Structures are given as structure tokens and as C-alpha cells.
Amino acid sequence: MSTVAIIGVPVDLGAGRRGVDMGPSAIRLAGLKERIEELGHTVVDTGNIAVPLAEQFAIPDADERLRYLDPLVGVNQALAQRVAEAVAAQQFPLILGGDHSLAIGSVSGTTWGGRRAGLIWVDAHGDFNTPESTPSGNIHGMSVAALTGRGHPALLGIGQRTPVLRDREVALVGIRDLDREERAALKASGIHVFTMHDIDRRGMATVMEEAIVHASTGNAGFHLSFDMDAIDPSAAPGVGTPVPGGISYREAHLAMEVVSDSRRMLSMDLVEVNPILDQRNATAELAVQVALSALGKRIY
């Protein structure tokens, strides 16, 4: 069994709705540490990355396409360092969000020291916008683009290598909501996109097995970034950008069981839990269950 290092990132600066900064607390409250320990892992909760409040900053009109850029760069740099330290200590980093902009830091930390890794991005959205294409200016919609070398130089410079990831080693799973320019950019890239149509027609197990091959061939393994809005809002209501028609409760567990069976996962994000929008902490509870399945929990 491994040592799991929990790292909280209470950030909502990258999102369009407030409240997701409380996600790490909600997930911890749902018993994350104790339930991982029940699987036989050692767990070290390293606390939270320091994150400034949105109220500390005024956003000039000129920055509306990169909202809160400077503080988000700082948060991601600190997170990359924390993740790199966990990896150096031979721990498994489990990062709790917070909005999905934090993945720039978590993936950068996983690949610190020249280690090559791929990415499996489970999400309703592609997060492949740049300052030129973004309809909102929210940086949580730019993470995959930044990690593959597209976007503002400050977002590209968080890792030790630019780009942090190669397009062919990135797989997006559960996609069902893309902006027009984002869709065109993804089609022109070498990134593998598995939409809900693919999951419906071919099944979650097949899709995840292919995603793992794409993300882990020729490298050390992959980082898994799981946005809770990938799951249908009927099961995960507490997210900031819900989209109907998502993966089911059981499909989410099956996807994580396939990930666990691969033994190629290097680190993991759980992001976009918004307790303000949740019902009786159901989404945070489901986030814990997702993590447990990825870390080896089975029905029998």
C-alpha cells in the first residue's frame, strides 16, 4: 500500500461562481482521510495551499480575458512545489479543489524533475480555451490548453518544461459542453477526446482503457484530474457549471476501478465541489467515493 498525501487548494479565483473554495473542507468533512486509511493506505494530510481572497483584488477591464491571473499563477506555483515534494517523498498526491485552474500546478508538480507523464481529464468541459477564445475570462477553462503549451506565458511557465504535456498523451473523458472555438482547437490538436456519445456507444470501460493507453504509453504514468461536473447533476448537484447528460454514479466508479487496475496513476485531482450549491454534502461524499475507487476499493 502507498502513502497518500492530501493537499487542499481552496481556490475559486479561476471560476465564474463563488463557493468552490470550500470544496476541500467539504471533502475532508465527508471522511476522506479515515476512509482511505480503511483501504490500508497511510494518509498524510498536508493542509491547504495559501490562497488569497477575490476581494483583495480589483480586475481592470484590460484583464477581463485573464481574470485573477497573477494570484492564480502564485497559487499554482506553490501547488506545483508541494506536489513535487510529495512525489520526491514517494507519496501519492491527492489534490482537493477548488476550481480546475489548480490542475496547472498539480500536473506541473507531478512532472517535476524531468519526469514525463500523461493526463486523463474527466470533465464535462474541455478547458481548452486561451485568452483569445475564452467567452468568460475564467482561467479554470484554460487549464488543458496551458498544460499543452497554449495561452498566456505566465500560465505556461509554472512547470519546469514548456509544454508540460504532449498532446498525444492527453485524453479528455466525458466531454459534453465545448465552446465553438474550443471545439475547433481540440479537433486541430493531437488530444484524444472521448465525449458522452463515445461512452454511450462503446461503454465506459472501453473508453477508459483507451484513455489510459494514450496517457501512459512511453512515460511514467498519468495524472488523473476529475471534475465533479463530469457526473450527471442528478448525482452531483454541488458544482458550479452543471451540464445535464453526464456520466452516472456507477459509470464514475467503473472508470476509477479501471484506473486502479491499470496501476499507472501517479497523482489525482478532485475539483469543483461547491458546497453552497450542494444538497446535504452529497457531491463531496461522492467525491470521496470516487477517490476510494481510484485507490483500490472494490465491491467484493
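Just above, that's the structure.
So, here's what we can say about the structure. (Residues numbered from 1 in each chain as written. Predicted model: local features only at pLDDT ≥ 70, side-chain atom pairs only at ≥ 80, totals over all residues. Heavy atoms only, no water.)

A word on the overall build of the protein
For the protein, the count of helices and strands is 11 helices and eight strands. In terms of its C-alpha atoms, the protein occupies a principal-axis envelope of roughly 55 × 40 × 40 Å. Burial statistics for the protein: of 300 residues in total, 57% are counted as buried. If you take every contact in the protein between residues at least 6 apart in sequence, the share linking residues at least 24 apart comes to 76%. Carbon and sulfur atoms provide 51% of the accessible area of the protein, an area that totals close to 11,700 Å². (Helix = DSSP H or I, 4+ residues; strand = E, 2+ residues; numbered from the N terminus. Buried < 20%, exposed > 50% of the residue type's maximum accessible area, 1.4 Å probe, protein only. Contact = heavy atoms within 4.5 Å. Areas by Shrake-Rupley, 256 points an atom, 1.4 Å probe, with all protein chains shown as cover.)

Details of helix α9 (residues 204-216)
Over its 13 residues, α9 runs 18 Å from end to end, which matches the ideal 18 Å to within 8%, given 1.5 Å per residue. Turning to α9, the residues buried within the fold contact β4 (118-122), β5 (170-175), β6 (192-195), α8 (196-202), β7 (222-227) and α10 (249-262). (Expected span 1.5 Å × (residues − 1).)

Comments concerning the nonpolar core
Within the largest apolar cluster, 51 residues are counted, with the highest numbers of intra-cluster contacts made by L94, I120, F226, I247, M268 and L270. Take this core: its biggest share by element is eight residues, from helix α11 (residues 282-294). With near-sequence residues (within four places) excluded, M268 lies in contact with F92, P93, L94, I95, H223, L224, M256, V290, A291 and A294. One finds W121, F128, A145 and V271 within the second-largest nonpolar core, a separate group that totals 41 residues. (Core = buried A, V, L, I, M, F, W, Y, C linked by side-chain atoms within 4.5 Å.)

Comments concerning the pairing of β6
Bridge count for β5 against β6 is four bridges, and the pairing is parallel. Considered in β6, the bridge of I175 is made with T195. You can see the chain leave β5, run along helix α7 (residues 180-188) and come back into β6, and the turn it takes is right-handed. (Pairing = 2+ DSSP bridges. Right-handed = clockwise from strand over helix to strand, strands pointing away.)

Brief notes about the sheet that holds strand β1 (residues 3-9)
Backbone-to-backbone hydrogen bonds join strands into a sheet, with any given pair of strands oriented parallel or antiparallel. Pairing is parallel across the open sheet formed by eight strands, whose spatial order is β2-β1-β3-β8-β7-β4-β5-β6. Both outer strands of the open sheet, β2 (42-48) and β6, are each paired with one neighbouring strand and no more. Each adjacent strand pair in this sheet contributes to an overall mean axis angle of 15°, direction not counted. Sheet topology places β1 next to β2; five bridges connect them, and they run parallel. Residue pairing across strands places I6 opposite D45, the latter belonging to β2. Set on the sheet, helix α3 (residues 69-88) makes contact with β1, β2 and β3 (92-97); between it and β1 the angle comes to about 170°. Relative to strand β8 (residues 265-271), α11 is tilted by about 175°, and along the sheet it contacts β7 and β8. (Axes fitted to C-alpha atoms, helices over the stretch in contact; angles between N-to-C directions.)

What to know about the packing of α9 against α10
Two elements in contact, α9 and α10, have axes whose closest approach is 9 Å; the angle formed by their N-to-C orientations is 40°. The angle between the axes of α9 and α10 places the two elements in the oblique class. You can see that α9 and α10 cross each other, and the crossing is right-handed. Judged by residue contacts, M204, A205, M208, E209 and I212 of α9 engage E251, L254, A255, V258, V259 and S262 from α10. Taken together, the residues that form the contact of α9 with α10 break down as eight nonpolar, one polar and two charged. (Parallel < 35°, antiparallel > 145°, perpendicular 65-115°, else oblique. Left-handed = near helix turned anticlockwise from the far one by under 90°. Nonpolar A, V, L, I, M, F, W, Y, C, P; charged D, E, K, R; others polar.)

Notes on the pairing of β4
The buried fraction of β4 amounts to five of the five residues, a majority that puts the element mostly inside the structure. Neither face of β4 is open: one carries G118, I120 and V122, the other L119 and W121, and all of them are buried. The sheet contact formed by β4 and β7 spans five bridges and is parallel. Looking at the pairing, W121 lines up with S225 of β7. Across four bridges, β4 lies against β5 in parallel orientation. Paired with I120 across the two strands is A171, which belongs to β5.

On their own, these measurements won't tell you what the molecule is for.
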